[in-house]
Amino acid sequence: MNRLQESHLQQLWQWFTEAGAPQPDLPEKELFLSVSDGIRPAVRLDEASAAFPGKGLRVDVPVSRRSLGTILRPGAKLRIEVGTDALIIGETMTLFPGEIEAFGIAENHMWHPDRVERALTASSSVSEEMLRELFVEEQEDVEVVTCESWFVHDRGVVRLGERPVPSPEVVEAAARRAGDHYFSEAVSRDGRILYEWNPATREKARGYNMLRHAGTVYAMLELYERTGGETLLAQAGKALHFLEQQIQPVGSEGQQALVHNNAVKLGGNGLALVAMAKWTEVKNDRRYVPLMQDLASWILGTQDETGRFAVHKMNAETGEKADFESGYYPGEAMLGLIRLHQLDGREGWLDAAEREASYLIDRRDKGKSIHTIAHDHWLLYALNELEALRPNDKYVAHAELIGEAIFQAQRIEGVQESWVGSSRMKGPPRSTPTACRTEGTGALWQLAARHGKKELMSRCRESMALAVAFQMQMQYTEATVHHFPYQPLLIGALRESLVHYTVRNDFTQHNVSSFLQYLHVLESETAEAEKSGHHE
């Protein structure tokens, strides 16, 4: 902790005043100060510096202190508020709130001393005394310092740690942030999208997943449709070309299908159709339609006499069916067929989607309740669009059943504020399962609007508002990446949960798609209200 020079204090006050932000109470003018260039991890600002350099300044103002009251050993539970609490260890070591978060020092509320040295080195504050404190001494004299935190940059002053308000402007900014930064940075030269990365540990996953690749391309194009952005479009096009390169003849009949690791998956081909359909729509470019028709033909070839898509995974070389079934693949495949029909008008694609819908409703899900039905967002997308083309009361009823299950599973009362709006699940709530349900709820709202179901529309909007506010807490922003590495990649991405920092491409995919769904709901309701007002 350092003491501000009077010149620093005057500069800080000026920034707060220009931004219209309240000036924080500075106890004895002692603060945690760190500055970043907007690319590399922040460094601590020495009190002897003559000015505030860099693109961003983080100001952590101590407001209370307490003794931790326990010896810190590797893996021990660490009961602190990550992001707002600092640690003072012994006589020589201080860990800033942002450092604790960015280096995963208290990830999942566990003490990770092996990550402390890297944090101190990155912040240019490591010393021989600190290393001795870390490696030789027992960490038993530990003080927790709770802070109010602010981020100052060229666009104003941001208060950290507050739950976002899901206003149209805030949600729009969240979606654009992903397009301007993460989606524009995460695509490699060959078209892969950075799959999974923990910025706290700097570890990257070795595997890859083409379903999530296809879904992420779709979200990028869906976002481009709303916001524009030539870099975003170019990156989506590169990623879509990579997907195209993975399509090849499969099995003994040589049908075209999406292949990854010698496997063909029903869901992968469905989402490839969805991504290519969106490209065709936003670019008015039909180059992919013949290839889409080949993929759809493979999907139809998996349908049995019950209407079920019976092959969820098969060996690409031999055509041998794997003993594997996914609850989400049918909805993905249905949606892909429906989106292709919207482009080429072939009724056969809708016929196949209807047969699968009947199988799912009348057989697979027969007798299920709100406690046992899957919260299947892809099926809600598909049922909404199928019902619009071929009205059927059972599609409406099944969508409402799934929607009611989602409503009942949402945390609203009896939990800490940061959890409100999340979906009930084992362990800390995660961003993406909640986002998927928000997407599905948006599709249900569209179905309800078409049928004039005002109460259901209201429930959908209210549920989405709570969920989106929960989800946005996990978006990396210019303010929250201050101590993280390569900040342009992280900005706009959604992390796994409130206590886990991992970024995976589908985390941001589903969250951005849910933001766009919510904006569609708000704008549609506003337009309808204005239309009604004109007729009064």
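Definitions and limits used
Residues numbered from 1 in each chain as written. Predicted model: local features only at pLDDT ≥ 70, side-chain atom pairs only at ≥ 80, totals over all residues. Heavy atoms only, no water. Helix = DSSP H or I, 4+ residues; strand = E, 2+ residues; numbered from the N terminus. Expected span 1.5 Å × (residues − 1). Buried < 20%, exposed > 50% of the residue type's maximum accessible area, 1.4 Å probe, protein only. Pairing = 2+ DSSP bridges. Phe/Tyr/Trp six-rings, centres within 6.5 Å; stacked < 30°, edge-to-face > 60°. Lys NZ or Arg CZ within 6 Å of the ring centre and 35° of its normal. Salt bridge = Lys/Arg side-chain N within 4 Å of Asp/Glu carboxyl O.

The next point concerns helix H15 (residues 454-472). Here H15 is 19 residues long and its end C-alpha atoms lie 27 Å apart, about the 27 Å a rise of 1.5 Å per residue gives. The set of residues buried in H15 consists of Leu-456, Met-457, Cys-460, Ser-463, Met-464, Ala-465, Ala-467, Val-468, Ala-469, Phe-470, Gln-471 and Met-472.

Right, let's talk about the pairing of strand S11 (residues 247-250) for a bit. Taken residue by residue, a regular strand's side chains alternate between the two faces of the sheet. Of the strand pairs in this sheet, S11 and strand S12 (residues 255-260) are connected by four bridges, and their pairing is antiparallel. Each bridged residue has a counterpart across the sheet, and for Gln-248 the counterpart in S12 is Ala-257. Linkage of S11 to S12, two consecutive antiparallel strands, is achieved through a turn of four residues, within which Gly-251 is found at a positive phi near 65°.

What follows is about the packing of aromatic side chains. With the rule as written, the count across this model stands at eight aromatic pairs. Centroid distance Tyr-182 to Phe-183: 5.6 Å. Interplanar angle 50°. Geometry classified as tilted. Overall, Tyr-182 belongs to the buried group, its relative accessible area being 1%. For Phe-183, a relative accessible area of 1% corresponds to the buried category. Note on Trp-279 and Tyr-288: the rings are 6.5 Å apart at their centroids and 80° apart in plane angle, and the pair reads as edge-to-face. Note on Trp-279: relative accessible area 7%, which makes it buried. By the ring-pair criterion, three or more aromatic residues cluster together here, those being Tyr-195, Tyr-208 and Phe-242. Note that Arg-44 overlies the ring of Phe-96, its terminal NZ or CZ placed 4.2 Å from the centroid.

Next up on the list: the pattern of salt bridges. Pairing between side chains of opposite charge can happen when the charged atoms of each approach one another. Under the defined criterion, the tally for this structure stands at 31 salt bridges. Arg-159 is the salt-bridge partner of Glu-148, the closest N and O atoms lying 3.7 Å from each other. On the criterion of sequence distance, the pair formed by Glu-148 in strand S7 (residues 142-153) and Arg-159 in strand S8 (residues 156-159) is long-range, its members being eleven residues apart. Between Arg-287 and Asp-285 there is a salt bridge, with the nearest N and O atoms lying 2.6 Å from each other. Looking at Arg-287, the relative accessible area reads 52%, which means it is exposed. Taken together, the shared-partner salt bridges connect Glu-172, Arg-176, Arg-226 and Glu-523 into one network.

Right, let's talk about the pairing of S7 for a bit. The buried fraction of S7 is high, at nine of twelve residues. Examined bridge by bridge, strand S4 (residues 56-67) and S7 share eleven bridges and lie antiparallel to one another. Within S7, the residue paired with Gly-56 across the bridge is His-153. With five bridges joining them, strand S5 (residues 85-89) and S7 adopt antiparallel strand pairing.

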